[in-house]
Amino acid sequence: MRSKGRKESLSDSRDLDGSYDQLTDSVEDEFELSTVCHRPEGLDQLQEQTKFTRKELQVLYRGFKNECPSGIVNEENFKQIYSQFFPQGGECLSLSPYIWVPLWGRGSHSTPNAACLPADSSTYATFLFNAFDTDHDGSVSFEDFVSGLSTILRGTIDDRLNWAFNLYDLNKDGCITREEMLDIMKSIYDMMGKYTYPAMREEAPREHVENFFQKMDRNKDGVVTIEEFLESCQKDENIMRSMQLFDSVI
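First things first, this report covers the structure right here in the doc.

Attention now goes to the pattern of salt bridges. Pairing between side chains of opposite charge can happen when their charged atoms approach one another. For the structure on display, the rule yields 7 salt bridges. The residue R178 makes a salt bridge to E210 at a minimum N-O spacing of 3.2 Å. Of the two residues, R178 sits in helix α9 (residues 178-192) while E210 sits in helix α10 (residues 204-216), which places them 32 residues apart along the sequence. One salt bridge in this structure joins K235 and E231, with 3.1 Å as the shortest N-O distance. Judged by its relative accessible area of 56%, K235 is exposed.

Pasting the structure below:
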């Protein structure tokens, strides 16, 4: 496939944010070509690759470009951006009880289980960054972001559960250990624990992990496989109900 020219690539990004104006074309060319180091795929291609409409993609792209003018975000930038959403009352998503995802470019509409004021979101943001960085190149592009978000919001139940499993499987070896789940739970409690009422107890993360393994580790071998995870989640009415709430977020 031929590589995109500078003009064609710029047109793709303008198509996404809906801001193309022929009268200012030359000025915007000079500005954007000097500041943007990555351009997303064209709108038509992103529509084919995700389950978002053109309008939804444009809304998401405006928010992403506002936070990431270069078109890509590295881990440190991602952590800085992520930490801003909760203290400022920004919109986030929770996949009960383990996944919290910000929606760049969205307003202050309320979302399920979204009230949170974290003390430290940096560790969880690292785990989330790694889940979005599917090609493990140390950066998240707009394509990476909307692909993951499309799975979370518009994917099938199995799609969403597989994405969650990948998030918890920190070393990507195909199973979740107690240590991995404890790291996840500690990062979530660091992010929101100090601001809940009543306050969460210090031993709560470990207790949560034990409850997780009692429910998920069917053969009691000390690890949770994808098969065990899918089966257990699909039998849990609360998890199924919380995931269905995602269908109307965007």
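Locating T225 in the fold gives a position in strand β6 (residues 223-225). Look at T225 and you get partly exposed, because its relative accessible area is 23%. Taking the C-alpha atoms as reference, T225 lies 9.2 Å from T177; in sequence the two are 48 residues apart. Look past the residues within four positions of T225 in its chain and what remains in contact with it is F165 and G174.

Attention now moves to the packing of aromatic side chains. Summed over all chains, the structure comprises 11 aromatic pairs. Taking the centre distance of 5.1 Å and the plane angle of 75 degrees together, the rings of Y61 and F142 count as edge-to-face. Here the residue Y61 occupies a position in helix α4 (residues 54-67), and F142 occupies one in helix α7 (residues 142-154), the gap between them amounting to 81 residues. Each member of the pair, Y61 as well as F142, carries the same accessibility label: buried. Between the aromatic rings of F212 and F229, the centroid separation amounts to 6.5 Å while the plane-to-plane angle is 45 degrees, which identifies the pairing as tilted. Taken together, the residues F212 in helix α10 and F229 in helix α11 (residues 226-234) connect sequence positions 17 residues apart. Assessed through its relative accessible area of 2%, F229 is described here as buried. Within the aromatic cluster, the residues linked to one another by ring pairs are Y61, F64, F78, F129, F132, F142, F145 and W163. Above the plane of the ring of F213 lies R178, whose end atom (NZ or CZ) is 4.5 Å from the centre.

Another point: α4. Side chains of residues three or four places apart in an α-helix project in the same direction, reflecting 3.6 residues per turn. Helix length check: α4, at 14 residues, gives a terminal C-alpha distance of 20 Å against a target of 20 Å (1.5 Å per residue), a fit within 8%. Buried within α4 are the following residues: E56, L57, Q58, L60, Y61, G63 and F64.

End to end, α10 covers 18 Å across 13 residues, agreeing with the expected 18 Å (1.5 Å per residue, within 8%). Buried within α10 we find A204, P205, V209, F212, F213 and M216.

It is worth spelling out unusual backbone geometry at this point. Negative phi values dominate among residues other than glycine, just as trans dominates among peptide bonds. Of note in the backbone geometry, H136 takes a positive phi value of approximately 55 degrees without being a glycine. Within the secondary structure, H136 sits in the loop between α6 (122-132) and β4 (139-141). Residue class for H136 comes out exposed when judged on its relative accessible area of 57%. Within the chain, K172 stands out as a residue other than glycine whose phi angle is a positive 55 degrees.

This paragraph deals with the environment of R241. Looking at the element boundaries, R241 is found in helix α12 (residues 237-244). Owing to a relative accessible area of 44%, R241 belongs among the partly exposed residues under this scheme.

Calculation notes
- Residues numbered from 1 in each chain as written.
- Predicted model: local features only at pLDDT ≥ 70, side-chain atom pairs only at ≥ 80, totals over all residues.
- Heavy atoms only, no water.
- Salt bridge = Lys/Arg side-chain N within 4 Å of Asp/Glu carboxyl O.
- Helix = DSSP H or I, 4+ residues; strand = E, 2+ residues; numbered from the N terminus.
- Buried < 20%, exposed > 50% of the residue type's maximum accessible area, 1.4 Å probe, protein only.
- Contact = heavy atoms within 4.5 Å.
- Phe/Tyr/Trp six-rings, centres within 6.5 Å; stacked < 30°, edge-to-face > 60°.
- Lys NZ or Arg CZ within 6 Å of the ring centre and 35° of its normal.
- Expected span 1.5 Å × (residues − 1).

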